[in-house]
Amino acid sequence: MAWEPDGGSLDQLVQVLSDSEQGDSEVQQRTYEAMQQFHQYPDYSNYLVYIFTKLLDPARESIRQNAGLQLKNNILSYYQDLPGHVQLYIRSEIVQCLGDECEIIRNTTAQIVSAIACKSDFSEWPELLPSLVGMLDDENPCNIDGSLRTLHMLCEDCNSQMEQENEALASLIPRFLHFFKSEHESFRMYALDSVNQFIMHLPPALLSHMGDFLEGVFFLALNDHSPDVRKHICEAFFMLVAIRATAILPHLTGVINFMLQATLDSENEVALEACEFWGMIAENPECHSTLDPFLPQLLNVLLRRMVYTEDDLLEFDAEDDDDTVPDRPENMPPRFHKSRGMSGEDEGGSESNDWNVRKCAAFSLDMLANSFRNTILPHLVPQLSERMSEDMEWTQQEGAILAIGAIAHGCYIGLEPHLPVLVEYLIRHLESEHTLILSVACWSLSQYSRWICEKNNHERYFEHVLAKFLELMRSRSKRVQEAACSAFAVLEEEAQSLLVSFVPHIVQTMIYAFERYQAKNILILLDSVGTLADAVKKVIAAPEHLVLVPAVMAKWDAISDNDRSLLAVLECLASVTVAVGVAFQPYVQVVFNRCLVLIESNLLAISVLIISPSAHFNLLSLLSTSPRSQWALWAQPAIKIASFALFPFLYVFPLPFIDIFCSFFSCLVRKTCMLYLLF
C-alpha cells in the first residue's frame, strides 16, 4: 500500500514551513523548535516529500521549496539511517519534479537527487542515470532543463562516482556535446561545465570524443557571447593545457587569441578565469614556442588588467581603513603555520583573501618572468617606462609599480643594471599621497631587499628604505600599516646583522604598533618581531629593548585557546625566547602551563581528527627551544607538576604519544617532539 500522510500532521508541518518564512526572530525560534520535534518521527522525510511533490498550488511554491531544502538537509545528515522503505519513497517520488514548470523547484529537485547520490551509490538507484539520459531527448524544455541541471550537479558533486559509470558516460558525453549548439544559453552552460568536470581524469568516454569536444569548445569560443559559457570555455582551455596540452597544441594559436580577448572581458568572472590561463601556460614548456610571438600583446593585456578599475576604487572603504576602526571578523585571513622565510604576501602586498583579476594578472606576470626570464624585458620595459611617467594617471603608475615587484625574481639578472633607477623610483613613491600607491610601493620595494642589502648598495639605500618602512608602519591607514610591516619583515630576513645599530628605533616603532594595530595587522607585526629576534639575537635582550617581551605577552594573554591567531604568538615566542635568554624566566611558568593545556586539548581533538599538526609543531617547538640551557632549567618546577597531569593522560590516550607525534605528522613535529621528550 502506498504511503499516505496523516492530515493533521501534514497541516501542522505546512504551517511550520510557512511560518519559517517570516523574519520575526521569535517566530523563527518557535519554528526551529517545532522542526526539531518533527525529526523524532521516522516518516518525517516522507511528509517533506509529499509537500514538495504534491502541494502544486503556485501560491505555495516557496513552501514547496522550503520542504525540499529541509529534505535535502535530512538526506545529507542521515540518509543511510533512514528505513529502506523511506529511502525508496523519496527516490520514487522526487523524480516527478525534475521537469516541474517552476525553475526553483527544478533546481531544488536537482539538489535533492545529487544529495541522495552523494550519500549512497548509483547501484542503489540504477534507473536514475538512464532516466535522466532519456529526458534529454524530450521535447519539453522543462524536462530537458531539469535533466541537465541534475546531471550537472551530479558531475560536480559525485564526480568520482560518475567516472565509474562507463556505460552511462558513453551515452552522456555525446549528448552533452550536442547541447553545445543549443539555442538555450543555460543548456549550453550546463552541458559544457558537465564535460569540464571530467577533463582532470579523462575517462575513456571523454577520450574517445576528445576531437568532437575540442571542436565544440572552439565553436562556442567563436560564436557564444554568454558570460557564463565564456567562463566555462576558459576553464576548459585552462584544464586542457594543464592535463593534456598535446591535444590542444595544434589549436593553441586560436586558443591564445581567444584568451587574450577574454582576459579583457568586461565580466570579471570571465576575465579572472582567462587570466588564470597565463600562469598555467607559462609553466608548460611545450607551449612556449607558440606563446613567444604573442608576448608583447600578452604583456600589454596583463599590464592593463593590473590597473585599478573604477569599480575597484569604489569598493575601497576609506572608513574601514582607519586604524581606529576594529577589524571585522570576515576580514581576518585564516592563519596557518609557515616556516620562517615563507612569504605571507600575495601579489600587491596584501594578505587579503580576495583573489581578483588585478592580483591574478600580477601573478601571471610573475610566472611569465620566472619562465621566460630576461627575454620578456625588451617587450616589457618600454611599456613599463610609459606607465611610470609622472604625467600618467596615478592608477597607471600604481599598476607599473605592481609590475616592477612582480618581475623582481624572474628578471633579476636582466634588471640588475637598472635597479639603481628602479629602486630610487620606488623610494620616491613612498612619499605618495595615495594610500594604494604607498602600499604597493612597500611591497615592490621589499622584493628587491636582497639587492638593497648587498655590500655595494646598503650604505646608499638600506638606511633610507628601513627608515621609510618604519615611518609607514606608523601610518593611520591599516592598508599601509599592513604593507609596510610585511615589507619590513622581508627586509629583516635579508638584512640580518645590518639591523643591529637600528634596533632602538625598530623597537620603538614596534611598541607603537602594538598599541595602535588592529587584529589583522597584529599578526603581521608578531611575525616581524620574531624575524627581528632571529636576525639580531641577543641584541634585543638589552634592558632597553626588553619592552618587546611584555608587549608580546599581552597578546598571548588576550588571545583565547581556540583562536588560530595564537599560532602567530607561538611562532613569535619561539624566536623571542631564544633571543632574550634568561630575561624570559619570569614568564616561563605561565607559558609552560598553558602550552601543556593546549597540547592536552589538541590530543583530545586528534581523537576526532579535527586538529592541524601545525599547532603541535608550534607548541612543541616553543617548549623545546634550547631545552638544556633554558626551559629545562627554568621550568623544572612546572615540569614536575605537569608530569603528574599530562603523562597519565598520555598513557590512557588511544594512540601512544610517540606514535602520534613521531609517526603520524611531519618531520618538524617529530624533531621537536623528540627534543620535548628529552626533558
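The rules we used
- Residues numbered from 1 in each chain as written.
- Predicted model: local features only at pLDDT ≥ 70, side-chain atom pairs only at ≥ 80, totals over all residues.
- Heavy atoms only, no water.
- Helix = DSSP H or I, 4+ residues; strand = E, 2+ residues; numbered from the N terminus.
- Buried < 20%, exposed > 50% of the residue type's maximum accessible area, 1.4 Å probe, protein only.
- Contact = heavy atoms within 4.5 Å.
- Phe/Tyr/Trp six-rings, centres within 6.5 Å; stacked < 30°, edge-to-face > 60°.
- Lys NZ or Arg CZ within 6 Å of the ring centre and 35° of its normal.
- Salt bridge = Lys/Arg side-chain N within 4 Å of Asp/Glu carboxyl O.
- Arc of directions from axis to C-beta.
- Patch = residues over 30% accessible without salt bridge, like charges linked within 9 Å, V, L, I, M, F, W, Y side chains within 5 Å.
- Areas by Shrake-Rupley, 256 points an atom, 1.4 Å probe, with all protein chains shown as cover.
- Lys, Arg positive; Asp, Glu negative; His and termini not counted.
- Charge placed at Lys NZ, Arg CZ, Asp CG, Glu CD.
- Core = buried A, V, L, I, M, F, W, Y, C linked by side-chain atoms within 4.5 Å.

## As for the overall build of the protein chain
For the protein chain, the helix and strand inventory stands at 39 helices and zero strands. Counting every position in the protein chain, which comprises 679 residues, the buried fraction comes to 54%. Sequence separation of at least 24 residues holds for 73% of the intrachain contacts in the protein chain that already meet a minimum separation of 6.

## A few points about the packing of aromatic side chains
Aromatic rings considered in pairs are described by the distance between their centres and by the relative angle of their planes. Enumeration according to the criterion identifies 14 aromatic pairs in this entry. Ring centres 5.8 Å apart and planes at 20 degrees place the aromatic pair F38 and Y44 in the stacked group. Assigned by exposure class, F38 and Y44 land together as buried. Centroid distance F462 to F502: 5.8 Å. Interplanar angle 65 degrees. Geometry classified as edge-to-face. Taken together, the positions of F462 in helix α28 (residues 458–472) and F502 in the loop between α29 (478–495) and α30 (503–516) put the pair 40 residues apart, joining distant regions of the chain. Among the aromatic residues, those joined into a ring-pair cluster are W3, Y47, Y50 and Y89. For the cation-ring pair, R64 lies above F52, with the distance from its terminal atom to the ring centre recorded as 5.7 Å. Note that R358 overlies the ring of Y308, its terminal NZ or CZ placed 4.0 Å from the centroid.

## Some points on the pattern of salt bridges
Going through the model one piece at a time under the given rule, you end up with 18 salt bridges. Between R149 and D145 there is a salt bridge; the shortest N-O distance is 2.5 Å. With a gap of four residues between them, R149 and D145 both fall in helix α8 (residues 141–157), about one helical turn apart. There is no split in this pair, since R149 and D145 are both buried.

## Quick look at helix α7 (residues 128–135)
Within α7, burial applies to L128, L129, L132, V133 and M135. Projection of α7 onto a plane perpendicular to its axis shows the buried side chains occupying an angular sector of 160 degrees, all on one side. Against α6 (103–119), α8, α9 (159–164) and α10 (166–178) lie the buried residues of α7.

## Overview of unusual backbone geometry
Even without being a glycine, L202 presents a positive backbone phi close to 45 degrees. Note that L202 resides in the loop between α11 (185–196) and α12 (204–207). With a relative accessible area of 11%, L202 lands in the buried category. Non-glycine residue R373 carries a positive phi angle of around 55 degrees. As for its placement among the helices and strands, R373 is situated in the loop between α21 (357–372) and α22 (377–388). Judged by its relative accessible area of 42%, R373 is partly exposed.

## Structural notes on a negative patch on the surface
A cluster of acidic residues, E310, D311, E315 and D354, forms a negative patch on the protein surface. In this fold, E315 is placed in helix α20 (residues 310–315).

## Points about the nonpolar core
Ranked by size, the top nonpolar core spans 210 residues in total, and within it F213 and I407 carry the most contacts. For this core, the leading source of residues is helix α31 (residues 519–536), giving 10 residues. The contacts of F213, once residues within four sequence positions are left out, are L177, F180, L192, V195, N196, I199, L206, A236 and L240.

## So, the environment of F316
Within the secondary structure, F316 sits in the loop between α20 and α21. In sequence terms F316 and L436 are 120 residues apart; their C-alpha atoms lie 9.6 Å from each other. Ignoring anything within four residues of it in the chain, the contact list for F316 reads D321, T435, L436 and R479.

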